[in-house]
Amino acid sequence: MNILVINAGSSSLKYQLIEMTNEQVIAKGLCERIGIDGKIIHTAHDGRKLEEECSFPTHTEAFEKVVFALTKSSAAVISGMDEINAVGHRVVHGGEKFSKTVRITDEVIKAIDDFKEFAPLHNPATALALSAGMNVIPASVPQAGVFDTAFHQTIPDYAYIYGIPYECYSDYGIRKYGFHGTSHRFVTASLAEKTGRLLRKMKIISCHLGNGSSITAVDGGKSMDTSMGFTPLDGILMGTRCGSIDPSVVTYIQKKFNFTPQEADDYLNKKSGLLGLGGFADNREICAAAEKGDERAILATAVLRYGIKKYIGAYAAVMGGVDAIIFTGGIGENATDIRRDVCLDMEFLGIDFDVDKNAKSRGEFTQITKEGSKTQVWVVPTNEELLIARDTKKLFKL
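What you see is a predicted model, and the numbers here were worked out from it, not measured in a lab.

Quick notes on the overall build of the protein chain
- For the protein chain, the helix and strand inventory stands at 15 helices and 14 strands.
- Computed over C-alpha atoms, the radius of gyration of the protein chain comes to 21 Å, within 12% of the 21 Å expected from 2.2 N^0.38 for 398 residues, which places it in the range of a compact globule.
- The proportion of buried residues among the 398 residues of the protein chain is 52%.
- Of all intrachain contacts in the protein chain linking residues separated by at least 6 positions in sequence, the fraction that spans at least 24 positions is 60%.

Details of the sheet that holds strand β5 (residues 49-53)
- In space, the 8 strands of this open sheet follow the order β5-β4-β3-β2-β1-β6-β8-β7, with mixed pairing throughout. Since the sheet does not close on itself, it has two edges, and those belong to β5 and β7 (102-103), each with one partner.
- Both strand β1 (residues 2-8) and strand β2 (residues 12-19) contribute to a ladder of 7 bridges, which runs antiparallel. Following the sheet pairing, N2 is matched in β2 by E19.
- Of the strands in this sheet, β1, β2, β3 (24-32), β4 (39-44), β5 and β6 (86-91) touch helix α1 (residues 59-71), which is tilted by about 30° from β2.

A word on the nonpolar core
- One finds I205, C207, I308, I312, I325 and F327 to be the most contacted residues of the largest nonpolar core, which totals 32 residues.
- Of all the secondary-structure elements, those providing two or more residues to this core are β9 (203-208), β10 (214-219), α11 (295-319), β12 (324-328), α13 (336-343) and β14 (376-379).
- Here this core takes 8 residues from α11, the largest share from any one element.
- Filtering out sequence-adjacent residues up to four positions away, C207 remains in contact with S214, I215, I308, I312, I325, I326, F327 and T328.
- Ranked by size, the runner-up nonpolar core spans 30 residues in total, among them I26, L50, A69 and A129.

Description of the sheet that holds strand β13 (residues 366-367)
- The 6 strands lie next to each other as β11-β10-β9-β12-β14-β13, forming an open sheet whose pairing is mixed. The strands lining the two open edges of the sheet, one partner per strand, are β11 (222-226) and β13.
- Examined bridge by bridge, β9 and β12 share 5 bridges and lie parallel to one another. Bridged to C207 within β12 is F327.

What about the state of the cysteines?
- Under the defined criterion, the tally for this structure stands at 0 disulfides.
- Note on C168: no disulfide assigned, nearest cysteine sulfur contributed by C242 at a separation of 20 Å.
- C343 takes part in no disulfide bond, and the closest cysteine sulfur to it belongs to C207, at a distance of 7.9 Å.

So, the environment of S170
- Looking at where S170 falls in the secondary structure, it is placed in helix α5 (residues 167-172).
- At 3.3 Å, the side chain of S170 and the side chain of D171 are in polar contact.

Some details on the pairing of β2
- Among the 8 residues of β2, 6 are classified as buried, and the element is accordingly described as predominantly covered.
- Here β1 hands over to β2 after 3 residues, the two strands then running antiparallel side by side.
- Here β2 runs beside β3; their pairing, made up of 8 bridges, is antiparallel. Within β3, the position partnered with Q16 by the bridge is K28.
- Following β2, the chain reverses through 4 residues before pairing antiparallel with β3; E23 in that reversal takes a positive phi of roughly 55°.

Comments concerning the packing of aromatic side chains
- Applying the stated criterion to the full structure yields 12 aromatic pairs.
- Ring centres of F98 and F147 lie 4.5 Å apart, and the angle between their planes is 5°; on these two criteria the pair is classed as stacked. Residue F98 is located in the loop between β6 and β7, and its partner F147 is located in strand β8 (residues 143-147); the two are separated by 49 residues in the primary sequence.
- The exposure class assigned to F98 is buried, which follows from its relative accessible area of 5%.
- On the basis of relative accessibility, which here comes to 3%, the residue F147 falls in the buried class.
- Between Y311 and Y315 the ring centres are 5.6 Å apart and the planes differ by 55°, which places this aromatic pair in the tilted class. Here Y311 and its partner Y315 are both found in helix α11, 4 residues apart, which amounts to about one turn of the helix. As far as the burial class goes, Y311 and Y315 line up, both buried.

What counts and how
- Residues numbered from 1 in each chain as written.
- Predicted model: local features only at pLDDT ≥ 70, side-chain atom pairs only at ≥ 80, totals over all residues.
- Heavy atoms only, no water.
- Helix = DSSP H or I, 4+ residues; strand = E, 2+ residues; numbered from the N terminus.
- Rg over C-alpha atoms; globule rule 2.2 N^0.38 Å.
- Buried < 20%, exposed > 50% of the residue type's maximum accessible area, 1.4 Å probe, protein only.
- Contact = heavy atoms within 4.5 Å.
- Pairing = 2+ DSSP bridges.
- Axes fitted to C-alpha atoms, helices over the stretch in contact; angles between N-to-C directions.
- Core = buried A, V, L, I, M, F, W, Y, C linked by side-chain atoms within 4.5 Å.
- Disulfide = S-S within 2.5 Å.
- Polar contact = N/O pair within 3.5 Å; in protein donor to acceptor, adjacent residues only side chain to side chain.
- Phe/Tyr/Trp six-rings, centres within 6.5 Å; stacked < 30°, edge-to-face > 60°.

Spelled out as structure tokens, the structure:
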């Protein structure tokens, strides 16, 4: 059984074809520069590769090239689209309308596009990609939408509402939505499964750390609070995003620099975070600069570590304790120094940290606390594409 997983951006389309019997990726690729010129990079499980310049005026042409790469290219892995049982799409924002995976229809596509004000960089492109997929993929192949925001629909109202006039929520949907839900759901379930514990009896703090980062309190398998808010700008310091700040800073910056709202948005989303503070958006470059004594880089790393530790403490309080803390994502799985600095001096929370285990763990499922630690800390690799495929399989009862 094969499921095709699609992750579309405004000018890109990433994909994986997963054979679900063993949950193995048999092909993956990327169509990039859609609407500009175009290029596809496609790799089969046996190492065969297709890489060529293409014409991608729209997502439709990119989808057509994906079909060609999978079925007819020198790196083909199936003989026809009838060997694909279903397609699963990542959708960033589903608002309050979508709290679970759904079958893609014209009505669903319209609803996703209607949320474009909430996710202007993602949802319009997703809607275009979904329409293209419906046109290119045979109608006999069902397609599903898996929403990043769906996992966080269990957050209680007192945690998602903002202290602004209520009509902002009731009339315009302004509230905390949260993101990275697919990743948080995958790693918490994975931890419970591999440790033989019942997820419904666990209190977990999941730290998804990458260029975009979010931390989530998961109690009994349900999201109770998360650091990202109305948009992915909120929360801890990120690669180019500022994270949580006093709202008055926004209006002050607008006045000081004579910014339009869009310019202020770009300033906080694309020129702030590690880049704005330390001069580099990549955590590895920031750490390298800090090791050489760069004071701004040292400050940026300290702000990031402090923010992670603060959210862990807050969410332990919210849940009335914590059984496990997860580090995942590109930084969470590989930045041993960040994990060490966050978890040391947290004995009061029941963390008996193992410095040696932590130093050896990069990208592998590993416990980095000592045996007997009341609160366990784990590195758990995320796999959002696999969860999308599993959700799609479950939805269509394949």
